[in-house]
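# Analysis of the macromolecular model
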Amino acid sequence: DFDIAKIVLPSGYTKLNYIENQGNASTYIDTNYVANANTKLRALVSINATGYNSMGYIGTYRYGFQLNGSRVATFVNTSYYLYPVNFSIGQKKLVEIDNISKKVSLDGVVIGTMATISYPIGGTYWIGRLNGDYGEYFNGKIYYHEFLENGVSVQKLIPCEDGNGNIGMYDVVTDTFF
C-alpha cells in the first residue's frame, strides 16, 4: 500500500515528504537488504537533472535501477536492461522491479521484462548511490522505498528526521532508522 499519509512513525520521528541527494556521492543509506529470487522493489522517486552525466542510481551493481529523462535502466546480477521512457525533472515516478514475474514497471505500466536471474545477488542495497562505486550516485528525491518478498513487505522505508535532527529513512516493518 503506497498511501504514505496513513503511515504513522513512532514518537521522536517526524515524517518528511522526501529525502534528497543532490549528487553527493558520499551520501547514501545502507539498507542492509540483499535481494533474492522472491524480491520485488518499489520506489517512488524523482530526478533533479537529466542527461547521461546526471543519472539517478540506487542499489548495487548486482541489483538496482537508474533514471534519467529518457530511460529507465535496471541491473540484476550481470544483466543490464534499458527501457526508453520520457519524464521531466521533478516528476514523481513509481519504479517496480519484480524478480518473480521478471517485469519492470513504471507508474504501474510494464515497460519491459528481464531474463532469468541467477542468484544470489551480492551486496547490500544502498539508497543514494551504488554500493561499492563512489562515482554512481542518485541526484533526486526519494519519497518512498519498499522491498517485498513473495508479496509481503519486508522493508518499507519512509523519509523522516529523528529527534536529534538526523535525516534518513524509517523502516516501519522492522522499526529501524537508517
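Read on for an overview of the structure. Note that the structure is predicted; figures quoted are calculated from it, not measured. (Residues numbered from 1 in each chain as written. Predicted model: local features only at pLDDT ≥ 70, side-chain atom pairs only at ≥ 80, totals over all residues. Heavy atoms only, no water.)

Next up on the list: the overall build of the protein. Helix and strand counts for the protein come out as zero helices and 17 strands. Residue pairs in contact within the protein that sit at least 24 positions apart in sequence constitute 59% of those at least 6 positions apart. By element, 48% of the accessible surface of the protein is carried by carbon and sulfur atoms, the whole surface being about 8,000 Å². (Helix = DSSP H or I, 4+ residues; strand = E, 2+ residues; numbered from the N terminus. Contact = heavy atoms within 4.5 Å. Areas by Shrake-Rupley, 256 points an atom, 1.4 Å probe, with all protein chains shown as cover.)

As a further point, take the nonpolar core. Among the nonpolar cores identified, the biggest contains 25 residues, and V45, F65 and L67 are the most heavily contacted of them. Taken together, the elements giving at least two residues each to this core come down to β4 (39-47), β6 (63-67), β8 (79-84), β9 (93-98), β10 (103-106) and β14 (139-149). Of all the elements, β4 adds the most residues to this core, at four residues. Grouped together as the second largest cluster of nonpolar side chains are 10 residues, I4, L44, I158 and Y170 included. (Core = buried A, V, L, I, M, F, W, Y, C linked by side-chain atoms within 4.5 Å. Buried < 20%, exposed > 50% of the residue type's maximum accessible area, 1.4 Å probe, protein only.)

Quick look at the packing of aromatic side chains now. Any aromatic ring pair is given by two values, namely how distant the centres are and how the planes are angled relative to each other. What the rule picks out here adds up to four aromatic pairs. For the ring pair Y13 and F177, a centre distance of 5.6 Å and an interplane angle of 40° mean the geometry is tilted. With a gap of 164 residues between them, Y13 in the segment before β1 (14-15) and F177 in strand β17 (residues 176-177) connect regions that are remote in the sequence. Here Y13 falls in the partly exposed class, since its relative accessible area comes to 27%. Considering the side-chain rings of Y33 and F147, the 4.0 Å spacing of their centres and the 20° angle between planes classify their relative orientation as stacked. With Y33 in the loop between β3 (29-30) and β4 and F147 in strand β14, this pair connects stretches of sequence that are 114 residues apart. Accessibility expressed as a relative area gives 9% for Y33, which makes it buried. Clustering of aromatic rings is evident, with ring pairs tying together Y13, Y170 and F177. In this structure, K92 packs its charged tip against the face of Y143, placed 4.5 Å from the ring centre. Positioned above the aromatic ring of Y18 is the side chain of K141, whose terminal nitrogen or guanidinium carbon lies 4.5 Å from the ring centre. (Phe/Tyr/Trp six-rings, centres within 6.5 Å; stacked < 30°, edge-to-face > 60°. Lys NZ or Arg CZ within 6 Å of the ring centre and 35° of its normal.)

To continue, consider the side chain of N99. Structurally, N99 is set in the loop between β9 and β10. A distance of 2.8 Å separates a polar side-chain atom of N99 from the backbone oxygen of N36. (Polar contact = N/O pair within 3.5 Å; in protein donor to acceptor, adjacent residues only side chain to side chain.)

Let's shift gears to unusual backbone geometry. Peptide bonds are trans in most cases, and residues, glycine excluded, mostly fall at negative phi. The phi angle at K102 is positive, at roughly 65°, despite the residue not being glycine. Note on placement: K102 falls in the loop between β9 and β10. We note that N150 has phi near 55°; this positive angle belongs to a residue other than glycine. Along the chain, the position of N150 falls in the loop between β14 and β15 (152-161).

Next up on the list: the pattern of salt bridges. Tallied over the entire structure, the rule returns three salt bridges. For E96, the salt bridge goes to K40, with nearest N and O atoms at 3.4 Å. Note that E96 is positioned in strand β9 and K40 in strand β4, a separation of 56 residues in sequence. A residue is classified by how much of its surface remains accessible, and K40, at 25% relative accessible area, is partly exposed. Between K93 and D107 there is a salt bridge, and its shortest N-O distance comes to 2.9 Å. One end of the pair, K93, is in strand β9; the other, D107, is in the loop between β10 and β11 (109-113), with 14 residues separating them in the sequence. (Salt bridge = Lys/Arg side-chain N within 4 Å of Asp/Glu carboxyl O.)

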